[in-house]
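# Architecture and fold: a report
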Amino acid sequence: MKRRLFLLTGAALALTACASSGPTLGADGKPLPKVYKIRPGDVSEIEFRLLDSVNTLRGAKSLTPLSFDASLNAAAATHSRDMSVQNRPWHFGSDGSSPLVRVQRAGFTGRLVGELISETYETEIETLSAWMAQPDTRAVIMDPAARSIGFAWYQEPNGKIWWTLVTGA
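Here the structure is a predicted model, which is why all the values come from computation and not from measurement. (Residues numbered from 1 in each chain as written. Predicted model: local features only at pLDDT ≥ 70, side-chain atom pairs only at ≥ 80, totals over all residues. Heavy atoms only, no water.)

### Overview of the pairing of strand S2 (residues 112–120)
Each regular strand displays side chains that alternate between the two surfaces of the sheet. Of all 9 residues in S2, 7 are buried, a share of seventy percent or more. Relative to strand S4 (residues 161–168), S2 is paired through 8 bridges, and the arrangement is antiparallel. Its bridge partner lying in S4, Glu119 is registered against Trp162. (Buried < 20%, exposed > 50% of the residue type's maximum accessible area, 1.4 Å probe, protein only. Helix = DSSP H or I, 4+ residues; strand = E, 2+ residues; numbered from the N terminus. Pairing = 2+ DSSP bridges.)

### Some thoughts on the packing of aromatic side chains
Aromatic rings considered in pairs are described by the distance between their centres and by the relative angle of their planes. Taken as a whole, this structure holds 5 aromatic pairs when the rule is applied. Centre to centre, the rings of Phe48 and Phe68 are 5.4 Å apart; their planes meet at 85°, and the pair counts as edge-to-face. Residue Phe48 is located in helix H2 (residues 43–60), and its partner Phe68 is located in strand S1 (residues 67–68); the two are separated by 20 residues in the primary sequence. The exposure class assigned to Phe48 is partly exposed, which follows from its relative accessible area of 42%. (Phe/Tyr/Trp six-rings, centres within 6.5 Å; stacked < 30°, edge-to-face > 60°.)

### What about the nonpolar core?
Counting 21 residues, the largest nonpolar core has Ile141 and Trp163 as its most contacted members. Here this core takes 4 residues from H2, the largest share from any one element. Formed by 8 residues, the second largest nonpolar core is a distinct cluster that contains Ala75, Leu112, Ala152 and Val166. (Core = buried A, V, L, I, M, F, W, Y, C linked by side-chain atoms within 4.5 Å.)

### Concerning the environment of Asn73
In this structure, Asn73 sits in helix H3 (residues 70–86). For Asn73 and Gly150, which are 77 residues apart along the polypeptide, the C-alpha to C-alpha distance reads 3.9 Å. Residues contacting Asn73, with those up to four places away along its chain left out, are Phe68, Ile149, Gly150, Phe151 and Ala152. Polar contacts involving the side chain of Asn73 include one to the main-chain amide nitrogen of Phe151, which spans 2.8 Å. (Contact = heavy atoms within 4.5 Å. Polar contact = N/O pair within 3.5 Å; in protein donor to acceptor, adjacent residues only side chain to side chain.)

Shown next, in the form of structure tokens:
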């Protein structure tokens with residue numbers, strides 16, 4: 001009896017080990033994106049994790065750290081929501097506004113350095129990594145003239161996130 005129980009337990013464990021715990025694949029054979037769900041209580045944590053990461057990257061190149069600017073944050077938040085409404089990631093608002101016009105409307109009195117945008121299901125750190133991988137977007141983050149940053153997002157009910165990062169001097 002003990003031997004049978006032992007064999008059955010061994011067989012059950014072997015079958016469990018064979019079960020696939022890998023990512024779910026889509027019709028194209030590629031892993032489906034994992035939805036990064038942002039809860040209301042996560043806002044400050046996400047903002048400061050991004051800011052700390054940007055300043056760590058800048059510090060490695062002996063660049064001045066950036067600090068949040070409320071008007072740049074407001075401009076970024078407005079644009080993130082507007083991109084969702086338009087259902088396209090681009091630098092112009094639904095009213096035709098440019099990044100410069102948006103930061104001025106939000107009350108920023110400094111000089112706009114640049115704006116980065118993204119449409120994704122990825123985290124803020126994965127998005128920052130993608131921006132750092134491209135020379136033109138990396139240049140916005142690493143611009144020596146930058147002193148201020150605005151960062152915001154809008155997440156749709158399906159999980160898609162529209163990220164906007166704005167830097168100013």
